[in-house]
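Architecture and fold: a report
Each chain, written out:
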Amino acid sequence: MSEGLKIFKIGGGIIDDDAQLQRFLRELARVPGRKVLVHGGGKGASQMLRDLGQEPQMVQGRRITDAATLDIVTMFYAGKTNKQVVAGLQAAGVNALGLSGADGNAIRAVRRPVRDIDYGFVGDLPADAVNVTLLRQLLETGLLPVFCAITHDGAGQLLNTNADTIASVLACALAPHYAVELHYCFEKDGVLRDVDDDASVIPQITVVEYRQLKAEGVIAAGMVPKLDNAFAALEAGVERVVIEHALRINESVKTVLCRS
Ligand SMILES: Nc1ncnc2c1ncn2[C@@H]1O[C@H](COP(=O)(O)OP(=O)(O)O)[C@@H](O)[C@H]1O
Ligand SMILES: CC(=O)N[C@@H](CCC(=O)OP(=O)(O)O)C(=O)O
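Because the structure is a prediction, the values reported are computed rather than measured.

Take the packing of aromatic side chains next. Throughout the structure, instances matching the rule amount to two aromatic pairs. Ring centres of Phe76 and Tyr77 lie 6.0 Å apart, and the angle between their planes is 65 degrees; on these two criteria the pair is classed as edge-to-face. For Phe76, a relative accessible area of 8% corresponds to the buried category. A residue is classified by how much of its surface remains accessible, and Tyr77, at 4% relative accessible area, is buried.

Here it is as structure tokens:
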């Protein structure tokens, strides 16, 4: 029986609000055992781009990242956001270590090839992207690794990589070594049957039900790539995948994904 590991991902909606972020980090500190945190920050990055006179461009949930955008999102994700998260965890009594994919060659990506759309400096993650040896060493020393959405290609180029995908790929890579739980945490109580009704949480969703909910338009927007990543992790041997409210990770209301 392998040891447990919980991988948490938080998105832009929570990170933007410092009071909520600090509450989430205190809740995370209460979760026992080995943990990894992956954070996004897409909403704040878009605001920063606008403040600097650039219009953010997203296609199918992914940011078109030209050289100027890469500079700004690197400063925002790997700098301000990552260090604020790490400082908050330290304040909550957790020894966290902030990382981009370049640090310790933790996550090596491949620049997304140009097909119909040129996404610019956006990284996709191959199956062997994760430096599993490094992650295991960090976890076994009791550190909590905190990943931002910046990776590298191994040849000196930083790349912007979707944070939901980073969480899923980390979970898949570590699944042979730990009993991995993957937690997608955001500002809703789970997957909702009616996105305007916070009480309409669907407690369990199978792959077949997911396809149907997508076809009906119940699950839409940012929730689609999130759940695609989540089901991919479940298929790859991750033990448990949960979609839940970032401020209620220690409570029982949530959506649990099931293989069948
Ligand atoms: N059925 C649904 N249940 C919950 N949220 C949904 C649903 N359909 C669409 N959404 C939207 O998806 C958003 C989450 O996706 P996204 O903004 O990409 O998350 P994050 O910033 O955490 O990565 C929610 O805030 C919500 O507005
Ligand atoms: C390539 C790409 O789209 N990268 C994302 C990385 C941040 C992210 O994923 O943030 P959330 O989890 O808060 O959405 C972006 O720049 O928006």
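A few words now on the packing of helix α3 (residues 42-51) against helix α4 (residues 67-91). Look at α3 against α4: their axes get within 10 Å of each other, and the N-to-C directions meet at 130 degrees. With respect to each other, α3 and α4 are oriented oblique. Every pair of crossing elements has a handedness; the one defined by α3 and α4 is right-handed. Facing α3, whose interface residues are Gly42, Gly44, Ala45, Met48 and Leu49, α4 presents Thr69, Ile72, Val73, Phe76 and Tyr77. Residues of the contact of α3 with α4, tallied by class, amount to seven nonpolar, three polar and no charged.

Once that is clear, we can look at the site of ligand 2. Close contacts around ligand 2 come from 16 residues, with Lys9, Gly12, Gly41, Arg63 and Tyr77 the closest. In this structure, an oxygen atom belonging to ligand 2 sits 2.7 Å away from a side-chain N or O atom of Tyr77. When ligand 2 is considered free in solution it has 430 Å² of accessible area, and contact with the protein chains removes 90% of it. Spatially, ligand 2 is embedded in the largest pocket. A breakdown of the residues in the shell around ligand 2 according to their chemical character gives four nonpolar, nine polar and three charged.

Turning our attention to unusual backbone geometry. Positive phi, normally seen in glycine, also occurs at Asn105, with a value near 50 degrees. Within the fold, Asn105 resides in the loop between β5 (96-99) and β6 (110-111). Its identity is not glycine, yet Ala221 carries a phi of approximately 50 degrees, on the positive side. Position of Ala221 relative to the elements: it lies in the loop between α7 (207-215) and α8 (223-235). For Ala221, a relative accessible area of 67% puts it in the exposed group.

Turning to the packing of α7 against α8, a few remarks are in order. Between α7 and α8, the shortest axis-to-axis distance is 12 Å and the interhelical angle comes to 165 degrees. Accordingly, the angle class assigned to the pair α7 and α8 is roughly antiparallel. In the packing of α7 onto α8, the handedness of the crossing is left-handed. For the pair α7 and α8, contact is made by Val207, Tyr210 and Lys214 and by Val224, Leu227, Asp228, Phe231 and Glu235, respectively. Its residues placed into classes, the contact of α7 with α8 shows five nonpolar, no polar and three charged.

The next subject is the site of ligand 1. Among the 15 residues in the neighbourhood of ligand 1, the closest are listed as Lys9, Glu187, Leu192, Val218 and Lys226. In the environment of ligand 1, a nitrogen atom lies 2.9 Å from a nitrogen or oxygen atom belonging to the backbone of Val218. One of the backbone nitrogen or oxygen atoms of Ala220 is found 3.4 Å away from a nitrogen atom of ligand 1. In the complex, 81% of the free accessible area of ligand 1, which totals 570 Å², lies under the protein chains. Spatially, ligand 1 is embedded in the largest pocket. In terms of residue class, the shell around ligand 1 is made up of seven nonpolar, four polar and four charged.

Conventions we followed
- Residues numbered from 1 in each chain as written.
- Chains lettered and ligands numbered in written order.
- Predicted model: local features only at pLDDT ≥ 70, side-chain atom pairs only at ≥ 80, totals over all residues.
- Heavy atoms only, no water.
- Phe/Tyr/Trp six-rings, centres within 6.5 Å; stacked < 30°, edge-to-face > 60°.
- Buried < 20%, exposed > 50% of the residue type's maximum accessible area, 1.4 Å probe, protein only.
- Axes fitted to C-alpha atoms, helices over the stretch in contact; angles between N-to-C directions.
- Helix = DSSP H or I, 4+ residues; strand = E, 2+ residues; numbered from the N terminus.
- Parallel < 35°, antiparallel > 145°, perpendicular 65-115°, else oblique.
- Left-handed = near helix turned anticlockwise from the far one by under 90°.
- Contact = heavy atoms within 4.5 Å.
- Nonpolar A, V, L, I, M, F, W, Y, C, P; charged D, E, K, R; others polar.
- Near = heavy atom within 4 Å.
- Polar contact = N/O pair within 3.5 Å; in protein donor to acceptor, adjacent residues only side chain to side chain.
- Areas by Shrake-Rupley, 256 points an atom, 1.4 Å probe, with all protein chains shown as cover.
- 1 Å grid on protein atoms, 1.4 Å probe; cavity = no way out; pocket = protein on both sides within 12 Å on 5 of 7 lines; lining within 4 Å.
- Sits in = over half its atoms within 2 Å of the grid points.

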